[in-house]
Structures are given as structure tokens and as C-alpha cells.
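Summary of structural features
Here is what each chain is made of, one letter per residue.
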Amino acid sequence: MHKTQLLIALFCILLCPGCNKEKHFITNEAYRTQVEKDFEKTGIITRR
């Protein structure tokens with residue numbers, strides 16, 4: 001019984017951060033474009 005309750009509590013704790021209304025930064029088109037430019041400038045990522 002305790003193991004089931006622990007798993008349910010753990011599931012709820014892990015689920016809660018995904019339930020906020022705050023947009024993720026990558027959904028902001030202007031910010032994403034700026035990040036891509038910065039990465040391309042530094043050469044950290046390369047296009048295939």
C-alpha cells in the first residue's frame with residue numbers, strides 16, 4: 001500500500017511542473033531566432 005502511494009505522489013510531483021501556463025522560451029519566435037544566430041556565430045552547432 002505504501003509503495004503505491006509513494007509512486008502516485010512521485011508521479012504527481014513530476015507532473016506538476018508541466019502544468020504551468022508559462023510559455024517555454026523556444027516558442028517565442030524572436031528569441032529562438034536570436035539563439036540560433038548566436039549558436040551559428042559561435043560554431044557550437046552545425047547544420048547538416
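Let us look at the structure shown here.

**Details of the overall build of the protein chain**
- Secondary structure assignment for the protein chain yields two helices and zero strands.
- Taken across its 48 residues, the protein chain has 2% of its residues classed as buried.
- Total accessible area on the protein chain is roughly 5,000 Å²; 64% of this is exposed by carbon and sulfur atoms.

**As for helix α2 (residues 29–42)**
- The terminal C-alpha atoms of α2 lie 20 Å apart, and with 14 residues this matches the ideal 20 Å at 1.5 Å per residue to within 8%.
- Backbone geometry just downstream of α2 places Gly43 in the positive-phi region, at approximately 75 degrees.

**Here we look at the pattern of salt bridges**
- Enumeration over the complete set of coordinates arrives at one salt bridge.
- The closest approach of N and O atoms between Glu29 and Arg32, which form a salt bridge, is 2.4 Å. Of the two residues, Glu29 and Arg32 both sit in helix α2, three residues apart, roughly one turn of that helix.
- The exposure class assigned to Arg32 is partly exposed, which follows from its relative accessible area of 28%.

**Describing the state of the cysteines**
- Taken as a whole and judged by the stated rule, the model has zero disulfides.
- Cysteine Cys12 shares no disulfide, and the gap to the nearest cysteine sulfur, in Cys16, comes to 6.2 Å.
- Residue Cys12 is classed as partly exposed on the basis of its relative accessible area of 37%.
- Taking relative accessible area as the criterion, Cys16 reaches 54% and is therefore assigned exposed.

About the criteria used
Residues numbered from 1 in each chain as written. Predicted model: local features only at pLDDT ≥ 70, side-chain atom pairs only at ≥ 80, totals over all residues. Heavy atoms only, no water. Helix = DSSP H or I, 4+ residues; strand = E, 2+ residues; numbered from the N terminus. Buried < 20%, exposed > 50% of the residue type's maximum accessible area, 1.4 Å probe, protein only. Areas by Shrake-Rupley, 256 points an atom, 1.4 Å probe, with all protein chains shown as cover. Expected span 1.5 Å × (residues − 1). Salt bridge = Lys/Arg side-chain N within 4 Å of Asp/Glu carboxyl O. Disulfide = S-S within 2.5 Å.

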